[in-house]
Amino acid sequence: QVELVESGGGLVQPGGSLRLSCAASGSISSIYAMGWYRQAPGKQRELVATLTSGGSRNYADSVKGRFTISRDGAKNTIYLQMNNLKPEDTAVFYCYAVLMNTSAWIYDYWGQGTQVTVSS
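Criteria and cut-off values
Residues numbered from 1 in each chain as written. Predicted model: local features only at pLDDT ≥ 70, side-chain atom pairs only at ≥ 80, totals over all residues. Heavy atoms only, no water. Pairing = 2+ DSSP bridges. Helix = DSSP H or I, 4+ residues; strand = E, 2+ residues; numbered from the N terminus. Buried < 20%, exposed > 50% of the residue type's maximum accessible area, 1.4 Å probe, protein only. Contact = heavy atoms within 4.5 Å. Salt bridge = Lys/Arg side-chain N within 4 Å of Asp/Glu carboxyl O.

Novice: What's the story with the pairing of strand E4 (residues 28–39) in this structure? I'm lost.
Specialist: Looking along a regular strand, one sees side chains alternate from face to face of the sheet. In the sheet, E4 pairs with strand E9 (residues 91–101) via 10 bridges, with the strands oriented antiparallel. Its bridge partner lying in E9, Gly 35 is registered against Tyr 96. Judged from the six bridges that link them, E4 and strand E5 (residues 46–52) form a sheet pairing that is antiparallel. The residue bridging Met 34 from the neighbouring strand is Leu 51, located in E5. The antiparallel pairing of E4 with E5 creates a hairpin that spans six residues between the two strands, and Gly 42 there sits at a positive phi of about 75°.

Have a look at this one:
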């Protein structure tokens, strides 16, 4: 059993900052990549940022220069620092992980989502 638990969402004014966290726990053997997707009302889920085990980072064009993904490998935790937030960043943010569990199966795992609302 693998679980991803997100935290850090909330309501913030335009121009403000939030930091999301995602902790992976359970029957984990190796983590290959972790990252964040988001889904705004009426829109498809979109990739926000990814971080591979090798340290490669990718960002959606819409968040480059404003969002930073990082990790604490010892805690199997990733973070998404979001600065200069805009109303169009309002969405449910989902953490995901591509990992090998202790049964040697590689799966995608998802968190339950955390709401980020940017509004004055």
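Novice: Would you mind going over the environment of Leu 51 with me for this structure?
Specialist: Mapped onto the elements of the fold, Leu 51 is located in strand E5. We classify Leu 51 as buried; its relative accessible area is 3%. Linking Leu 51 and Gly 35, residues 16 residues apart in sequence, is a C-alpha distance of 5.9 Å. Setting aside anything within four residues of it in sequence, one finds Leu 51 in contact with Ala 33, Met 34, Ser 56, Arg 57, Ile 69, Ser 70 and Arg 71.

Novice: Please explain the pattern of salt bridges as it appears in this structure.
Specialist: As a working rule, side chains carrying opposite charge can pair if their charged atoms are close by. Throughout the structure, instances matching the rule amount to five salt bridges. Notably, a salt bridge pairs Glu 46 with Arg 38, separated by 2.6 Å at the nearest N-O pair. Taking the relative accessible area as the measure of exposure, Glu 46 reaches 34% and is therefore partly exposed. Residue Lys 75 pairs with Asp 72 through a salt bridge whose shortest N-O separation is 4.0 Å. Three or more residues are tied together by salt bridges with common partners; here these are Arg 38, Glu 46, Arg 66 and Asp 89.

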